[in-house]
Amino acid sequence: MAAALVAAVVLLPIVVTVASGFGAGWSEAVAYLFRPRIGMLLTNTAVLMAITLPASLVLGTAAAWLVERTDLPGAGVWRALMLAPLAVPAFVASYAWISWQPSLVGLGGAALVTTLAYFPFVFLPVAALLRALDEGEEEAARSLGLGPFAAFRRAVLPRLRPALSGGALLVALHLLAEYGVLAMMRYQTFTTAILQQYAVGFSDAQGSLLASVLLLLCLGLLTLEVVARGRRRVARIGSGSMRPPSRVPLGRWTWPAVVGLTLLTALSTAVPVVLVVRWLITGTSQSGAVADDLLRVTGSTLGLALLGGLTAVVLALPGALLLSRGGGWVATLLERATFVGSALPGVVVALALVGLAVTWAPGLYQTVALVVLAYAVLFLPRAMVSLRSGLAAAPPELSEAARSLGHGGAGVLRRVVLPLAAPSVLAGFVLVALAISTELTATLLLAPTGTDTLALSFWAASDELDYAAAAPYAAVMIVLSVPLTVVLRRQITHDRRATR
């Protein structure tokens, strides 16, 4: 019942959006959707996804394998550096690249920035699962004559399907809903077109029709992810203890691996940070007015991130538990429903919630509760993917053993399930908080009067090409994201202990 209620809350603004789009009639809707411009937007979105998604999967998986399963020097340092791009918001990275190379626009710039910003979404679950997996199957493959790479491909890679599919889904959904990067790179997709429609007609039917197309694309991605995830068991229980996986010697490939990871770190983290610092120094010498506003804006950003992160984790837990323990098509359907809202741009969800609040609950309008609800609809998949991965690695036999000892459902949840899933719960909270601290369009429409965030202040300055004025807000967003990224790194290193 709890999972169904969460799914209903997520689907409500989507129903409002679709009803608004087709409210003028099917003939008008069909005439608008079957235009050359819609085909162009669909092609642009598909091409960007065809480039960014495979690149993120390859980079994230290769980096996770090098860090967790080889004798790469300084694995702990590389683990932190591979998560460092999460501390640099994607639209801040695009602002940095554009300020350095103004000609870097279009598909090439959009694909570069999104790949460098999103590959950690693949690295994080894959690295955590690589540390949690038992080495038994890989050893059996090696004993049958397979080399280290072949053994990984045959014995380990199939068991990584939940992490790979979950990470790929997050990347794909982010691409569907991304606005800041694509607007700066001047690359037209459905999201930028939707924002343009709402800027002209605010909540007109045409913007809602474009959002409905995004919904169809999201449903297709969710279906593909269910197929790609498979049903192979990840957790192991039985005689003997789990052993930490042995490290594969890289040999002559050590330095190429180090050079490759160094280049990846430089492009994804060093370039944006250096350029932000450069503009920060320039802005400090020009004006000190921005600094007076930073404390207030930072406080409101932290408060919204905390509330939104906690709300998303609490709402994601029933669906993740139902899927991992109950299974079946009902559990899968309810879990899939929570992913649909994240494919919509924040402005679409925000406008739907404004309409609902004004019509049915006027007291909610212009309140923090409505902003937090929008964050939950938009970012629930981040918490869901993290919780799902953690619960998949926790043997259900332990819950059955607790029940056989007389514990009821609440006792099993408190004493067995939640302790095992605690690292994943923390990771989900951090992922949501990171997203909220950089969210732009939904906050712009729903934030109570007088409430500003770092993202809003940054966008107001960067939209006027005032890079120096935008730099302080970008720098604070990066600084605030660093502790959360450190928590994610600790979650990876502790996942193995959680599954014992």
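The protein is annotated in an unreviewed UniProt entry as Iron ABC transporter permease from Tessaracoccus lubricantis.

A word on the overall build of the protein
Secondary structure assignment for the protein yields 23 helices and zero strands. Put simply, 85% of the contacts in the protein that link residues at least 6 apart link residues at least 24 apart. For the protein, the accessible area works out to roughly 20700 Å², and carbon and sulfur atoms hold 69% of it.

With respect to the packing of aromatic side chains
Each aromatic ring pair is specified by the distance between its two centres and by the angle formed by the two planes. Within the structure shown, the criterion is met by seven aromatic pairs. The interplanar angle of 40° and the centroid separation of 5.4 Å between the aromatic rings of F91 and F458 together place this pair among those described as tilted. Placement of the pair is F91 in helix 5 (residues 90-100) and F458 in helix 22 (residues 454-462), with a sequence separation of 367 residues. The two residues F91 and F458 agree in class, both being buried. Each residue in the set F91, Y95, Y179, F458 and W459 is aromatic and connected to the rest through ring pairs, giving one cluster. The ring of W279 carries the charged tip of R278 above its face, separated from the ring centre by 5.3 Å.

Concerning helix 16 (residues 328-340)
For helix 16, built from 13 residues, the straight-helix expectation of 18 Å at 1.5 Å per residue is met to within 8% by its first-to-last C-alpha distance of 19 Å. Here helix 16 has its buried residues at A331, T332, L334, E335, R336, A337, T338, F339 and V340.

Quick look at the pattern of salt bridges
Using the criterion set out here, one finds two salt bridges in the structure. Residue R79 pairs with E68 through a salt bridge whose shortest N-O separation is 2.8 Å. A residue pair is termed long-range when its members are at least 10 positions apart, and R79 in helix 4 (residues 75-83) and E68 in helix 3 (residues 36-69) qualify at eleven residues. Among the residues examined, R79 registers a relative accessible area of 6% and is labelled buried.

Some thoughts on the packing of helix 4 against helix 7 (residues 120-132)
When two helices pack together, their arrangement is given by the angle between their axes and by how far apart the axes lie. For the pair helix 4 and helix 7, the least separation of the axes is 9 Å and the interaxial angle reads 145°. On helix 7, the residues that touch R79, M82 and L83 of helix 4 are P120, F123, L124 and R131. The class makeup of the residues in the contact of helix 4 with helix 7 is five nonpolar, no polar and two charged.

Digging into helix 6 (residues 107-118)
End to end, helix 6 covers 16 Å across twelve residues, agreeing with the expected 16 Å (1.5 Å per residue, within 8%). Most of helix 6 is tucked away: nine of the twelve residues are buried. What helix 6 keeps buried is the set G109, A110, A111, V113, T114, T115, L116, A117 and Y118.

Observations regarding the nonpolar core
Counting 158 residues, the largest nonpolar core has L72, V92, Y95, L160 and F458 as its most contacted members. Ignoring any residue separated from it by four or fewer positions in sequence, one finds V92 in contact with V276, F458, A474, M477 and I478.

Notes on a nonpolar patch on the surface
Together, W26, V30 and F34 give the surface a local cluster of nonpolar side chains, amounting to about 410 Å² of exposed area. Relative to the assigned elements, F34 resides in the loop between helix 2 (26-33) and helix 3. For F34, a relative accessible area of 70% translates into the label exposed.

Parameters and conventions
Residues numbered from 1 in each chain as written. Predicted model: local features only at pLDDT ≥ 70, side-chain atom pairs only at ≥ 80, totals over all residues. Heavy atoms only, no water. Helix = DSSP H or I, 4+ residues; strand = E, 2+ residues; numbered from the N terminus. Contact = heavy atoms within 4.5 Å. Areas by Shrake-Rupley, 256 points an atom, 1.4 Å probe, with all protein chains shown as cover. Phe/Tyr/Trp six-rings, centres within 6.5 Å; stacked < 30°, edge-to-face > 60°. Buried < 20%, exposed > 50% of the residue type's maximum accessible area, 1.4 Å probe, protein only. Lys NZ or Arg CZ within 6 Å of the ring centre and 35° of its normal. Expected span 1.5 Å × (residues − 1). Salt bridge = Lys/Arg side-chain N within 4 Å of Asp/Glu carboxyl O. Axes fitted to C-alpha atoms, helices over the stretch in contact; angles between N-to-C directions. Nonpolar A, V, L, I, M, F, W, Y, C, P; charged D, E, K, R; others polar. Core = buried A, V, L, I, M, F, W, Y, C linked by side-chain atoms within 4.5 Å. Patch = residues over 30% accessible without salt bridge, like charges linked within 9 Å, V, L, I, M, F, W, Y side chains within 5 Å.

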